[in-house]
Protein chains: 2
Amino acid sequence: MTVDEPDEMAEQHEPDTVARRGRWRTGERSRRRILDAARALFAERGYDRATVRRIAATAQVDPAMVYYFFETKSRLFTEALALPVNPAEEVAAELSGGVDGLGERIVRHFLDVWDRAPTVEPMLALLRSAPTDERSAAMFTGYIEQEIIARIATVVPEPARLRAELVGSHLMGLLLARHVLRIEPLASTSPDTVATWMGPTLQRYLTDPAPAPDPTA
Amino acid sequence: MTVDEPDEMAEQHEPDTVARRGRWRTGERSRRRILDAARALFAERGYDRATVRRIAATAQVDPAMVYYFFETKSRLFTEALALPVNPAEEVAAELSGGVDGLGERIVRHFLDVWDRAPTVEPMLALLRSAPTDERSAAMFTGYIEQEIIARIATVVPEPARLRAELVGSHLMGLLLARHVLRIEPLASTSPDTVATWMGPTLQRYLTDPAPAPDPTA
DNA sequence: AACTTTGTTCATCGCTTGTTGAATATGAGG
DNA sequence: CCTCATATTCAACAAGCGATGAACAAAGTT
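Residues numbered from 1 in each chain as written. Chains lettered and ligands numbered in written order. Predicted model: local features only at pLDDT ≥ 70, side-chain atom pairs only at ≥ 80, totals over all residues. Heavy atoms only, no water.

**Student:** Summarise the overall build of chain A; cite the residues concerned and give the values.
**Tutor:** When you go through chain A residue by residue, the secondary structure sums to 10 helices and 0 strands. The linear arrangement of helices and strands in chain A, starting from the amino end, is α-α-α-α-α-α-α-α-α-α. Evaluated residue by residue, chain A yields a buried proportion of 51% over its 217 residues. In chain A, the share of contacts with a sequence separation of at least 24, taken over all contacts with a separation of at least 6, comes to 67%. Accessible surface computed for chain A: about 10,200 Å², of which carbon and sulfur atoms make up 54%. (Helix = DSSP H or I, 4+ residues; strand = E, 2+ residues; numbered from the N terminus. Buried < 20%, exposed > 50% of the residue type's maximum accessible area, 1.4 Å probe, protein only. Contact = heavy atoms within 4.5 Å. Areas by Shrake-Rupley, 256 points an atom, 1.4 Å probe, with all protein chains shown as cover.)

**Student:** Give a description of the UniProt feature "DNA-binding region" (unreviewed entry) in chain A that names residues and reports values.
**Tutor:** Taken from the UniProt record, the annotation "DNA-binding region" (unreviewed entry) applies to residues 51-70 of chain A. Secondary structure over residues 51-70 of chain A splits into 70% helix and 0% strand, and the C-alpha atoms at its two ends are 14 Å apart. (UniProt positions renumbered as here; feature names shortened; annotations may be inferred.)

**Student:** Give me the lowdown on the pattern of salt bridges, citing residues and values where you can.
**Tutor:** Residues and elements named next belong to chain A. Under the counting rule described, the total for this entry stands at 10 salt bridges over all chains. For Glu104, the salt bridge goes to Arg108, with nearest N and O atoms at 2.9 Å. Remark: Arg108 and Glu104 occur in helix α6 (residues 102-115); sequence separation between them is 4 residues, near one turn of the helix. Look at Glu104 and you get partly exposed, because its relative accessible area is 29%. Judged by relative accessible area, Arg108 falls into the partly exposed class, the value being 33%. (Salt bridge = Lys/Arg side-chain N within 4 Å of Asp/Glu carboxyl O.)

**Student:** Account for helix α9 (residues 160-180) of chain A, with residues named and values stated.
**Tutor:** Residues and elements named next belong to chain A. Under the 1.5 Å per step criterion, the end-to-end length of α9 is 29 Å for 21 residues, consistent within 8% with the ideal 30 Å. Counting buried residues along α9, 20 of its 21 residues qualify, which places the element largely inside the surrounding structure. Following α9 by one or two positions, Arg182 has its phi on the positive side, about 55°. (Expected span 1.5 Å × (residues − 1).)

**Student:** Report on the packing of aromatic side chains, specifying residues and quantitative values.
**Tutor:** Residue and element names in this part refer to chain A. Under the definition given, this model contains 6 aromatic pairs over all chains. Judged by centre distance (4.8 Å) and plane angle (85°), the rings of Phe42 and Phe77 are edge-to-face. In this pair, Phe42 sits in helix α1 (residues 28-49) while Phe77 sits in helix α4 (residues 73-82), placing the two residues 35 residues apart along the sequence. In textbook terms, an aromatic cluster arises when at least three aromatic residues are bridged by ring pairs, as seen for Tyr68, Phe69 and Phe70. (Phe/Tyr/Trp six-rings, centres within 6.5 Å; stacked < 30°, edge-to-face > 60°.)

**Student:** Describe in detail α6(A), supporting the description with residues and values.
**Tutor:** A rise of 1.5 Å per residue sets the reference length of α6(A), with its 14 residues, at 20 Å; its end C-alpha atoms lie 20 Å apart and thus fit the reference within 8%. A:Leu102, A:Gly103, A:Ile106, A:Val107, A:His109, A:Phe110, A:Leu111, A:Val113 and A:Trp114 are the residues of α6(A) that are buried.

**Student:** Break down the nonpolar core for me, citing the residues and quoting the values.
**Tutor:** Counting 66 residues, the largest nonpolar core has A:Trp114, A:Leu171, A:Met198, B:Trp114, B:Leu171 and B:Met198 as the members making the most contacts within it. Where this core is concerned, the elements lending two or more residues are α6, α8 (134-153), α9 and α10 (191-207) of chain A together with α6 (102-115), α8 (134-153), α9 (160-180) and α10 (191-207) of chain B. The contact partners of A:Leu171, leaving out residues within four places of it in the chain, are A:Ile106, A:Phe110, A:Trp114, A:Met198 and A:Leu202. (Core = buried A, V, L, I, M, F, W, Y, C linked by side-chain atoms within 4.5 Å.)

**Student:** Explain the environment of A:Val66 residue by residue, including any values.
**Tutor:** As for its position among the elements, A:Val66 is in helix α3 (residues 63-69). Sequence-wise, A:Val66 and A:Arg31 are 35 residues apart; in three dimensions their C-alpha atoms are separated by 8.1 Å.

**Student:** Describe the packing of α9(A) against α10(A), with residues and values.
**Tutor:** All names here are of chain A. At a closest axis distance of 8 Å, the pairing of α9 and α10 adopts a crossing angle of 160°. Considered as vectors, α9 and α10 are oriented roughly antiparallel to each other. Pair α9 / α10 crosses with right-handed handedness. Side by side, α9 and α10 meet where Arg163, Leu166, Val167, His170, Leu171, Leu174 and Arg178 of the first sit next to Pro191, Val194, Met198, Thr201, Leu202, Arg204, Tyr205, Leu206 and Thr207 of the second. Taken together, the residues that form the contact of α9 with α10 break down as 10 nonpolar, 3 polar and 3 charged. (Axes fitted to C-alpha atoms, helices over the stretch in contact; angles between N-to-C directions. Parallel < 35°, antiparallel > 145°, perpendicular 65-115°, else oblique. Left-handed = near helix turned anticlockwise from the far one by under 90°. Nonpolar A, V, L, I, M, F, W, Y, C, P; charged D, E, K, R; others polar.)

**Student:** Please provide a residue-by-residue account of the packing of α6(A) against α9(A), values included.
**Tutor:** Residues and elements named next belong to chain A. As a packed pair, α6 and α9 sit with axes 12 Å apart at the nearest point and diverge in direction by 35°. As α6 runs across α9, the sense of the crossing is right-handed. Where α6 approaches α9, its residues Ile106, Phe110, Leu111, Trp114 and Asp115 are matched on the opposing element by Leu171, Leu174, Leu175, Arg178 and His179. A per-class count over the contact of α6 with α9 returns 7 nonpolar, 1 polar and 2 charged.

**Student:** Mind laying out the confidence of the model for chain A, listing which residues take part and the relevant values?
**Tutor:** All names here are of chain A. Of the residues in chain A, 65% reach a pLDDT of 70 or more, and the chain-wide mean stands at 73. When mean pLDDT is taken per element in chain A, helix α2 (residues 52-58) scores highest with 95 and helix α5 (residues 88-95) scores lowest with 62. Every residue in residues 83-87 scores below 50 in pLDDT, and together they form 10 contacts with partners more than four places removed in sequence or on other chains. (pLDDT = per-residue confidence, 0-100.)

**Student:** A description of the side chain of B:Thr196 should follow, citing residues and the corresponding values.
**Tutor:** As for its position among the elements, B:Thr196 is in helix α10. The buried category is assigned to B:Thr196, whose relative accessible area is 17%.

**Student:** An account of unusual backbone geometry is needed here, citing residue identities and associated values.
**Tutor:** Most peptide bonds adopt trans geometry, and most residues besides glycine take a negative phi value. All names here are of chain A. Omega for the bond connecting Glu158 with Pro159 falls within 30 degrees of zero, at 0°, which places this linkage in the cis form. For Pro159, the location among the structural elements is in the loop between α8 and α9. Even without being glycine, Gln60 reaches a positive phi, approximately 55°.

Next up, the structure:
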């Protein structure tokens, strides 16, 4: 999954060669290529190490074009990750099925989503950039909190947010171990098996009565 | 927890002022300061964004001294994180208590370790650098796998490694949510409460019989 | 055909990075 | 005293970074 040279870019848009002196007008071609390359490189290397020059090279485009379409690297980052980062309606759909078996449904949902390319890349980009880039840390926690945790918290008993965050932290750990660090054999274990193991755990967090109380808050 | 200017460095070694023209000879003083600053900055900003110049400035030392003592930035990174990254004997001690209540003991152990400064810094440095720096990714997974997962895997039933990695992924998620992203209220919840919630979960991963079998491996 | 707009290229700025080599200071050993 | 190894400073290098501004080319507009 290494994006290195300006070889074959995943382009389902227009299957024509790249060298092109005449017949353009809409820059959307270049714009798409830049966005695709940006998503891939941000996901692979994080915000800092994904340089504008390299994104441009991967997109087979002059670096100045990046600034022509997207004012700045920061805006490119935001725009590249803006669209596909909002599949929260699907989470809402899972939640609408009630809390019975919700834990396993959530694991299956995320494993399924993570194994499909266009959604996992922005998530990886955010996760990779979060430690070094304040903006993406905010975006990541914002996304996790608002879109996931807050929704889960609406359907579980108190302490709802803590329950939801325990689920969220386990899912983040799974994403880290499986898709970023690729620790074996977890990385190669089938989604079904992982869901069977983790489902009851998350279910416990969601619906089991709270354990023994505690003095310190 | 921001290390910015060359103000007060955490130095328990020799409490004397920094300006110093005469009476040295052993460079160990500067060496210690560099190592301390490196640990702090690697932990705070990751490998890439912790610049040699900034480490030197924090250590109140000329940047060239970094290269005088430690050939290269890479070696400094390795050396700075080498020593305190091996508290695996403590894990072994937890494991020697048998598998009864092991889950909760493990959570308590890590929460305790993470709340003590000198051990959490190298871990954060590794976690922050892992996505962008191949060496630290290898160090991180290597540490997690060899020192933690492999040891746990020796005392639990099959599939031992998968069980251990499920535990490990949840712990990594907890570290990420609590100490890196600082998601509330999880970040401020007392170790006791967290241990009470997570303990039985990890225990289930460790000792419960494996769930229904699965075709794909 | 003249003009404007939009896409594209190129050269370059200012800055920071990791790293190096020469010079200088400072102690110890004779 | 001189000598020598070590510690420290200073200036600079090459490379890469994000970003800019001027120029050129192809289309739409009149």
